[in-house]
Structures are given as structure tokens and as C-alpha cells.
Amino acid sequence: MKVPLRWLKEYVDLPWSVAELAERLTLAGLEVTGFRAVGVPPPTGLRLKSEFVSPVWDEEKVVIAEVLEVRKHPDADRLHLVDLNYGTGCLTVVTGATNLKPGDRGLKVVLARVGAVLIDGHSPERALRPLKPAKIRGVLSEGMVCSALELGIADEHEGILILDPDAPVGMPLAEYLGDIVLELDVLPSMARCLSMLGVAREVAALSEQPVRYPPTEVLFGPQEAATQVHISIEDANLCSRYAAMVIDSVRVAPSPTWLQLRLLLAGMRPINNIVDITNYVLLEWGQPLHAFDYEKLRDRAHGHVPHIIVRRARPGESLTTLDGQQRPLHGEHLVIADTAGPIALAGVMGGLETEVGPETQKVLLESANFDPVTIRRTARHFDLPSEASLRFSRGVHPDLVEPAARRAVEWMRQLAQGTVARGLVDVYAARPSEQRVHLSLAYVHRMVGYAIPRDDILRILRGLEFTVDEAGEDTWLVTVPRHRLDVQHGPADLVEEIVRIYGYHRIPPTLPREPLPDYQTPRDGQIEERIRDILVTLGCQEVITYSLTSIERERPFVGEGADYVRLLNPIHPERSVLRRSLLASVLAIAAQHLRDSPRLRLFELGYVYLPRAGEKFPDERRHLALVLCGPRLAEFWEGASSPPQDFFDLKGLLEGLFEALHLGQASQGNARVAWQPTNVTWLHPRRAAALVLRPLQSHTTTKGIASSSSDTSLLIGYAGQLHPQLHDTYELGRREVYVAQLDLEALWPHLPERFTCRAVASFPPVRQDLAVLVDESIVAERVREEIFAAGRPLLREVHLFDVYRGPNIPEGKKSLAWSLTFQAEDRTLTDKEISKLVQKIVDRLEKSLAAQLRAP
Amino acid sequence: MELEQLRQQALAQLEAVADETALSSWNSQYLGKNGLLTQALKRIAQLPPQERPSYGQQVNALKEALLAAFERKKSELHQQEIARSLAAEALDVTLPGRPVLRGRLHPATQVMRDILAIFAELGFQVYRSREVEDDLTNFELLNMPPHHPARDLWDTFHTTVPGVLLRTHTSPGQIHVMRQYCPRPIRVVLPGMCYRYEQITARSEIQFQQVEGLAIGESISLADLIGTLSTFAKRFFGGDRRIRIRNSYFPFTEPSIEVDVDCILCQGENAAGPSATATLPVSSCTLCKGTGWLEILGAGMVHPVVLRHGGYDPERFQGFAFGLGPQRMAMLKYGIHDIRLFWSNARHFLEQF
Ligand SMILES: [Zn+2]
């Protein structure tokens, strides 16, 4: 909403500087987002950028002048000489303006004298240039008569600006027309401020003064309107009120200059006096109006009295709107029709056929109120945002229909010499009832948390034109003024009105003093952050990628035919579904990082979205993805380059994570993660592991890994080398890439909520090494489990320190060398105890795994 | 005179010793378990009894002398070693250090934690709710019935399941919290990813994080809201930040406000207050565009309709809600000019945090 302050001042005094006015309006909810200075310098202290290049009209050099005579240029057909009186002197200028011709005299124009800075009308970028004396075809011109374009008022011009006849000769133009236009961002709740009066009411309430309402008296002619038009509303839900007035014998012509300029500054284009008046009243009151050519309506009614019908469009109907477009209509569109069919798109745009034009002699003025939702939908459907549809779709109080219509017809009488038929033909189908709200001082104080004085409350509400009646001790019955629709939900709405006018900055800040709630944040969020921290200490860089992805991108990890949460309206095919896998996205980032850095360790901890059969919402699960590639260590100037990260870097990282989560430590958790050889399509078939969560009791069972798919085991993810076939898909080059993907939601129920810290042993640990020969087919983990099973509880730690194949080892066997740490909490272990335990372990290994003790 | 010969031989050899290895073999040759001195002592048995004490004394004296000489030599060698190391090992201290491979949190996580930590100290616990929502919770229960004009403020991604959409803000979480905890008091923050149907530009993203705050009780007031947000702004942006509150509009709060903080770059130089008489021309500050203020969040008192939908009786309960964008906060705090950097995960971006 553009508000020219010169116009606003008609309704209310502006007691502040422009900067302070802007600040106060902004704080009260009418945000000033920009401004335009018209012929005057930017206001002091207004910390906004001007949206418009505009010259400052010099008080001495840009003045109002009267045309004394227009003469032909002696040497040029298209040029004229204009003799001007500018109050303190006379001079002659040369002009090429098409709207001055020999014989014109008495016209008021704008004279710019040498030195005045104006917009260069010939420069495409609207550059500002000082005016120089010029000899035009031999005649010296010491100034020029200006167009609206050169003055910075309009973007286009048809000749020079002709001022209204009462413009005072000699007055500086800045004094006569100079203005500041504020650009306001009007919130949906403040739709009433899409009008000059609405803004004036805000200023009035903020500065504690009354609004000067414009007059709405009409000087009627002898005829009655009621006999000249009939009105029917088919659906009062869609049109609560429709009123018409009839104005005869109008003379359609350009509007007076002051009116055209006001519309221009407010952002509307002048058309003719009738249309301009409807727009002027729309801007003044916020009530859209529409003018029909009455004769055309009567023609359509075959000479009968026109019958306006507000109804839904019927199938097959269409309407050619003012912009010349023929628009097919549907049942959801509300139209203004007569007996012959639609004549306007209600509240959106008029029809071309019944438009007011230069020949129009009689006008039917529509002032009506339409359903916001319908208008909004229709304007959207046809992509026809207009000043009218903007206001109707935000809601206009139907009581405004009458004053706006009266104001408009009186202008038409005065400015277009029309005769107004008596009366408003008015069908008020759904008059909103009076809105009354009970308000108590205690409520205001409780809600605000500060005792705004009672008198201030009353003064503010009355200043906003609420009627306040005492309803008891410090309670009131407040009646909402009949221009507002936003007070719908009782006293909370009134508190907002009170506080925004009182000033938020006057409320002393406090902190909540109520006791804190007793419930506790769920544990998973804390674990999630802990996992991030652990991975960071393990040298990993966190990434966060889009949850929106494409099925193609993820197919290698998700497979064919998986169900996705799909978008109905994606902005791009690459972002059309919610992901089911993190890895595909993290690999895309890895590829990007590998272009300029050889080494990476990336992780993402985020959601995947798995649709569930028969459920409305997907399962949103937190997953973890890890990607490792490139040298184990960063490049350094000394020594050879580091070997690349491999499977065991990845495994070490994950083991570090599980250990830090206390997963799998004897006295702490209830489950541990087992690494099983596996086969998944996206991992190297010989370097792939399934991570399986197993209850800790499995140590004491005789079940091996082969039976780990029992009920008590739970697959939580995979880790291994990314399948080399996928490198090209993700543009990863030829280096080995190691990846892991874990379902954290499966993990957290098994993470111990707390752990018991063991005493620091005061008796020395005893380390004993043990090397055994086993079949190649026996995995290390199996051997470890057997050692543990036999050595517990004095066996504290088992650590594999060497794997050996080669000379002295039979074909098909391998040597595994373990370091065993024994420790008791209550005594120093004797050599005899140790050797007994070691023997027990060896026996068990021989029995269950056919292992052989390797000679020490 | 055998002993005197031994002494001379030993001292002469010790003189010639030049390193620790030679010293240690000299030590075992003379002073070791089977060294020459031990052998000399053993010969005492062959002597007549009256000569034995004197011989024993001589051997002991010799042993002490050799020990002392050994210690002297040892210390001498050590000093030589130090002198050598001091002379030889002059490092180029300007060579780069061996890189330590440091992991990092994504800047969005870091900023999110900063925000949540401040609110945690103000008593707000974290609550999470789903990202895939329905129209009912994302809009209707938040006082936006179908065709409500305020819905235009949120451009929405719809899914192929009718009525199911990607949440456009964290506010639907308010409904979930209230329904879970009613009628107990509430003080939570709801962090999470939100989605908007928008073009991706330097200023707008299709997904972004939000932190919603919600406090419900019998006396949680607007003044409490202002105090809470003012504390947050000071703690997050540091210094003597001032906040400015503008009236605003959200369908789910009443009154609704927007909060600006004075510009952290130009210190909100001379930002006009209602009574200030500002005279500075529009400055060229790139962050606040010369206005002196940065818009940081929206907030308000929970709308009575929303309270009712959450199960709370607005006659008895009241509270406030706020919503802020961690990405916007990070952009303001660190001078980031392009929101796309966050999910691009550009290495040079991540490695600055
Ligand atoms: Zn600034």
C-alpha cells in the first residue's frame, strides 16, 4: 500500500517527522518497507532506501508558471515558443510538447529554469541532469516546461504537465506538489489499512487525535434510482451486500490533475474521470467500486430496466474482461450478471462490453461485498490480482458499501457534471451482527504481565473507535467498530490492540516465574548428539544433506520397487521424494570433496522416511552414514605418503563409537555388535559386514555365528567397501571407498541408560600371550568368543596382536596370536592359577575349534 | 704389584672409552660379576692369612677408585652427548606441524546447539515431532481453516497421499506437545527441519531448520515472552544487544510480534527508537541495509483457538510461542550471504567452523 503523505494529511494531522511516523507505524504493525520522495529531499533520519530516483525540485528554479502565449517557432514546424509568467518575471522557452498549440493561453504549467535538476527524458536509465541554457534552432531557451516524466512523477508522459487552473503562479512546485510516499506492508490482520482512512485511523490512535472523515452527503437529482435497476443476490454466503447508484448525464473526460497525480503516487494509472473516481474512493475507503455503462446494460435488457444478478457462473458461460481476454467460467466463479449473462467477474475485474468509455452518458455504480475465499480463488484461477481482489480476499466490512458509494457519486456529480438519481438500491443480504467482547482489567494484566493503567486501556480502545461500556468493576463490554472484521476471538484480540498502541517497548521484560514442568526430554535426542560428538572426536566431518532426493539417486542402496513418500508438486525431479537412505546423498558430497582433497571421513546423522502399509505417516527413523576414502593421515612434508584408509579404519571407527556408547562391555550393556560376513548389492562381496546386535549372554552359549539369525539378534546396518561398480554412478573415481549405514533407532533401546563404574583394581594384571593355529575358515571373532567363554571372569581383556600365515604354518591354517589379560579384584593371581586358566582356554579351543597351540 | 698393574690398565682403557657401549663393556670387564676385580678378590684365598686383610683393603680401594672413575666418565660422556645434540639438531621451526585430523560438526548443528543450550538454561526442554504432517495439524488446528488467506504465507509441498504434506514450520509440534502434556505446564523447544515450496536462491531454500518455543502455564505472560527473547538475543549475538518489537500477524498467536535485534555489524548505529531523533543518512551497512535492525524471529501469545485445540482451557491457561530460523541466525552471526551453502556442504564452508 502506497501512502502519499500529502493525501493522508487530509484525514489526520501528522505530528511527527516522517522518520518517527514510519517508526511508530512499523512498531504498531504497519511496517514501512520503503518510501519515495517526490520533488523533495529524502526525509531526515528515515533509514530506508528510496525505491525511486527522483529529482529534488529547486524552490527557485522549478516553479508554477502561466502560459501567456504560444507561438510557432520561426524555423521548426514541430517546435513552439512559449511565453511564460512565473510570478517574479517572464521568459520564453522552446518546447516540442504536443499538448501546447498556438493560441493556448492561461494554462498553468511547470517551469524549470537553467540549473534545475530534472530527469533526462531521453536517457533510458532515467539519469538526473542539470538544465543548461540551449539554443534550439537559433532561439535561446532559458528553461523548459516540464513533463511528469522529467519531474520524476510518472514513468511515461503525453506532453507537458498541465496543472489545475487554480495552481498559484510563482509558487515553488515543491511546495505545491512535493510529497513523501510511504510504502506499507499490510498484514492480513490489518486489511482495514489497505485504505487511506485505515492508515489515518492508525495515526489518529497513535497520536491521540480524531480522524477527519470525508463528507458523504450527496446532492441528488430529481429521479429515483430504485426504478432504474433491480438487484438479486442468489447466494448470500458469497455476496453479503450489493448496492447500486445511478448517475445520468456524465461527461467522461480526463480527471483534474490533482486527482490523476494522487492516483499515480498511490500506484494506479489514471484512465478517465469516472474510473478514476472509483479508484480514488477505493484507495480512500478500502471499498472497491465498479462503474458500468448503464445504456449498454439497458440495451442488453432490450430496453427494459436492467436486472443485476449476483450468482455463480453456469457451465459453458464465458466473459470477455476489461483486458480483452475471453475467459471461460466455472461454477466456483462468482459473477455479476444480468438477464443476458455475465457482465463482470465479481470483485476481480469488469467486463469489456459494459465498460465505461468516452461515449458513456449514464453510469451504474456498483458498491458491493463479496466472499473473500471465492474472490481469492477466482483471482488466482485467472491470475488476475487487482486492487479490488486484494481487498475483497482479505475481507472488507460490508458497512463500507454505502459511504463509499455516496462519496463516489458526489465526486461524479462534481467532476463529471453528472446528475445523481436519488437513493441507494441496496440488497443487504447478510448484515454482520454487532461484535461485542467482554474485557476485564485483570485479563489484560494477566496476559500482558504488566499493569497497563486502566485509563490508558480505555483511551486506546476509544481512540481506535471501539465503544467501551462499563459492565462491572473493571470489566467492560467493548463493541467493535463497523469497519473491522479482525476481532473474532474475544479479549485476546483486544489485548493486541491495546499493547500495540501502548507500545511493546513500555512493557518491562520478565522471565517466567512458574515452576518448571517435571517431565523429561526423551533420551534419544541426547544420544543423537552424543554420537555426533563421538564421531567428531574420531576425526569425522559432519554433513547435512537434503531430505528431498530422487528415486534414481538412491536405487543402488534401496533397490527396485521400494515405496516412497512422494511429492505431488516437486520443484525439481531431483528433489521429488523423501529419502530412504543417507548414503546416496553423502556419497554425492564425498565426490564433490574428493575433487580437491584426497582424504575424507564424512558422516551424516539424519532422518530417512519409510512409508508404512496402511498408515498415513511414514516411519521417520534416524540413520547414520559414514564414508571414508583416501590416505589414513594427512599429507606431510616428511616421509612417505600414508596408506589409504581401509576396512579396518572403518571398523575401528565404529568400534570406537560402540565403545564410547558402552555397547558390549561386560558390566555395562546388555548387547554387543557382531560383525558378520555378508553379501549386499552395494558392498564389495568379500569386504562386507553385517552389523548384528546380539545379547551379551551369547558368550556363554555354544551357538556360533552361523546361528546368529536367531530371534535375539538384530541387524542394525552394514559396513564395508563400496562396490566398485558404483564408483561411476557417484563419480567417485578409482580410489577405494568405505561406507557404513546404521539404523540408530534400532540401536538406542539397547544402549545402557547408565553404567556402573568399576573400581580401579589394586591388584596387578597379568598378561599372557597365546598363539593358536586354526583353520582359515574360522573367523577371529569366533576364537575370541571361545577364549572369553573359557577364561571368564578372571580374563579381563583379549586382544588380537598378530595374524600370521606362511612358512612353518600348514596350508589352510592361520596363526592367531592373542594377548590375554587376567586380573582379580581381591588378590594377586598366582602363576599356578594363570597356567590353569590358560590350559582351560587351550582345551576349549582344541575341543570346539580343533585349534592347536602353537609352540611358544 | 698385580693390583697396581690392574689399576693402570683399567684407567688407561677407560681413558680410551668414547661411547656408552664401550663404557658398558669396560664396566663388565672390570666391575662386572665375573670382572677382573672380582677375580682379583677371589685370589685372596690363596694368600697367607696375615696378608689377607691388607690385600682386601687394597682391592676395595681399587674398586672404589674404578667406580668413581666410571661415574666421572659416564657423566663426561653424557655431557658430550648433550653438547653434540645442542650443536646438531637445529630445526627449521617454521616448517608446518604434522596435521591433526580434526572432525567437525556441521555449522547448522553448531548453531542449533548454541540456540538449544541458551533455551535449556531458561528451562526449555527439547521435544521432537514429525516432519511429514497432515493439513489438519500443520494448518487447521493452528487456526488456519481451509482457504484461510494466511495459508498464502506458507508455500507447501504436498505428498501424493491426500491431506499429507511436509510441515512448513515447526508449529504443528505445538499441538503434539500440548496434547501429550495437557494439563501440565509446558516449556519446550521444538527443533527440526521444515519444507517450503520455493525456488532455491541465495535467500530461500526448500528446506531449513526451525526452532519453535512453547511455554504454557497459568500466568506465562507477554512480558515473560519479551524477557525470554531479549535474553536469548543478548546471549546469542553477544554484547549489549537491544531488541525492538513490532506488532505482527500469525494465525496461531494473538497478540503476534516480530523481534528485531540491533545490527551486529554497524551496532544499529543510531537506530531510531520511537522518541529518538535520528539524523544519520542511510548507511551502507550490508547486513541491515542501513535500517539498523535485523529481523530475527516471530512470536506471540498462543491463540485461544490453538490452546483449545491442544486441550487447554484458555480461561485458565495462557502462554507464548516463538519460532526462529537457525540458518538465518547463523547467516547474521557469521556474515553468510548465501543460504545454499548449508546443504551444499562445500568443504571450504564446513572447514571454517
Ligand atoms: Zn547494520
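Everything numeric here is computed off the predicted structure, so don't read it as measured data.

### Description of the overall build of chain A
- The helix and strand tally for chain A stands at 21 helices and 42 strands.
- In terms of overall dimensions, chain A is more spread out than a globule: its C-alpha atoms have a radius of gyration of 43 Å, far above the 29 Å expected for 856 residues.
- Projected onto the principal axes, the alpha-carbon positions of chain A cover approximately 130 × 80 × 60 Å.
- Residues counted as buried form 55% of the 856 residues belonging to chain A.
- Excluding contacts between residues fewer than 6 apart, the proportion of contacts in chain A whose partners are at least 24 apart in sequence is 70%.

### Considering the packing of aromatic side chains
- On inspection of all chains with the given rule, the structure shows 32 aromatic pairs over all chains.
- Plain terms: the ring middles of B:Phe232 and B:Phe236 are 5.6 Å apart, the flat faces sit at 20° to each other, and that makes the pair stacked. One end of the pair is B:Phe232 and the other is B:Phe236, both in helix H8 (residues 222-237) and four residues apart, which spans about a single turn. Comparing B:Phe232 with B:Phe236, the two get one shared label, buried.
- In this structure an aromatic cluster arises from ring pairing among B:Phe119, B:Phe124, B:Phe232, B:Phe236, B:Phe237, B:Phe320 and B:Phe322.
- The ring of A:Tyr502 has A:Arg506 sitting right over it, with the charged end atom 3.9 Å from the ring centre.
- Here the guanidinium or amino end of B:Lys333 rests over the ring plane of B:Phe236, the centre of that ring lying 4.3 Å away.

### Description of the interface of chain A and chain B
- Counting residues at the interface gives 96 residues for chain A and 106 residues for chain B.
- A buried area of about 8,800 Å², summed over both sides, lies between chain A and chain B, and 56% of it is on carbon and sulfur atoms.
- Area buried by chain A at its contact with chain B is led by A:Arg47, A:Tyr519 and A:Ile544, which between them contribute 11% of it.
- Inspection of the chain A/chain B interface yields nine salt bridges.

### A closer look at the domain arrangement of chain A
- Taken domain by domain, chain A comprises domain 1 (2-53 + 180-207), domain 2 (62-177), domain 3 (220-428), domain 4 (436-506), domain 5 (523-750) and domain 6 (766-853).
- Summarising the inter-unit geometry, the C-alpha centres of domain 3 of chain A and domain 5 of chain A are found 66 Å apart.

### Describing the pairing of strand E22 (residues 341-345) of chain A
All names here are of chain A.
- In terms of residue burial, E22 counts as a mostly covered element, since five of its five residues are buried.
- As paired strands, strand E21 (residues 334-338) and E22 are joined by four bridges and run antiparallel to one another. The residue bridging Ile336 from the neighbouring strand is Ala344, located in E22.
- Hairpin connection between E21 and E22: a loop of two residues separates the two successive antiparallel strands.
- Taken together, the two bridges between E22 and strand E23 (residues 349-350) define a ladder with antiparallel strand orientation.

### Some thoughts on helix H12 (residues 441-448) of chain A
- Residues of H12(A) that are buried include every one of A:Leu441, A:Tyr443, A:Val444, A:Met447 and A:Val448, and no others. The buried residues of H12(A) occupy an angular sector of 165° when the element is viewed end-on, so they sit on one face.

### Regarding the nonpolar core
- Counting 280 residues, the largest nonpolar core has A:Leu182, A:Tyr242 and A:Phe370 as the members making the most contacts within it.
- Per-element accounting of this core gives the leading share, nine residues, to H8(B).
- If we skip the residues at most four places from it in the chain, A:Leu182 touches A:Met1, A:Lys2, A:Val3, A:Leu5, A:Val18, A:Leu21, A:Leu25, A:Val32, A:Gly34, A:Phe35 and A:Leu46.
- Counting residues in hydrophobic clusters, the runner-up holds 36 residues, among them A:Leu650, A:Leu661, A:Leu663 and A:Leu751.

### A word on unusual backbone geometry
Residue and element names in this part refer to chain B.
- Cis geometry is adopted by the peptide bond preceding Pro183, which originates at Cys182 and carries an omega value of 5°.
- Residue Glu254 is joined to Pro255 through a cis peptide bond whose omega torsion reads -5°.
- Tracing the backbone shows Pro255 in strand E7 (residues 253-262).
- At Asn143, a position not held by glycine, the phi torsion is positive, near 70°.
- In this structure, Asn143 sits in the loop between helix H6 (135-138) and strand E3 (164-166).
- Residue Asn143 is classed as buried on the basis of its relative accessible area of 13%.

### Overview of the sheet that holds strand E9 (residues 318-324) of chain B
Residues and elements named next belong to chain B.
- If you walk across this open sheet you meet the seven strands as E1-E4-E5-E9-E8-E7-E6, and the pairing is mixed. Edge positions in the sheet fall to strand E1 (125-126) and strand E6 (243-248), since each of these pairs with one other strand and no more.
- Relative to strand E5 (residues 207-217), strand E4 (residues 186-195) is paired through ten bridges, and the arrangement is antiparallel. Residue pairing in the sheet places Gly192 in a bridge with Gln210 of E5.
- Where helix H10 (residues 326-334) meets the sheet, it contacts E5, strand E8 (293-302) and E9, and its direction lies at approximately 150° from that of E8.

### A few points about the confidence of the model for chain A
- Per-residue confidence for chain A averages 91 on the pLDDT scale, and 97% of its residues sit at or above 70.
- Counting contacts from residues 698-710 of chain A, a segment whose pLDDT is below 50, to residues more than four positions away or on other chains yields 16 contacts.

About the thresholds
Residues numbered from 1 in each chain as written. Chains lettered and ligands numbered in written order. Predicted model: local features only at pLDDT ≥ 70, side-chain atom pairs only at ≥ 80, totals over all residues. Heavy atoms only, no water. Helix = DSSP H or I, 4+ residues; strand = E, 2+ residues; numbered from the N terminus. Rg over C-alpha atoms; globule rule 2.2 N^0.38 Å. Buried < 20%, exposed > 50% of the residue type's maximum accessible area, 1.4 Å probe, protein only. Contact = heavy atoms within 4.5 Å. Phe/Tyr/Trp six-rings, centres within 6.5 Å; stacked < 30°, edge-to-face > 60°. Lys NZ or Arg CZ within 6 Å of the ring centre and 35° of its normal. Buried area = accessible area lost by both parts, 1.4 Å probe. Salt bridge = Lys/Arg side-chain N within 4 Å of Asp/Glu carboxyl O. Domains from an automatic or database assignment. Pairing = 2+ DSSP bridges. Arc of directions from axis to C-beta. Core = buried A, V, L, I, M, F, W, Y, C linked by side-chain atoms within 4.5 Å. Axes fitted to C-alpha atoms, helices over the stretch in contact; angles between N-to-C directions. pLDDT = per-residue confidence, 0-100.

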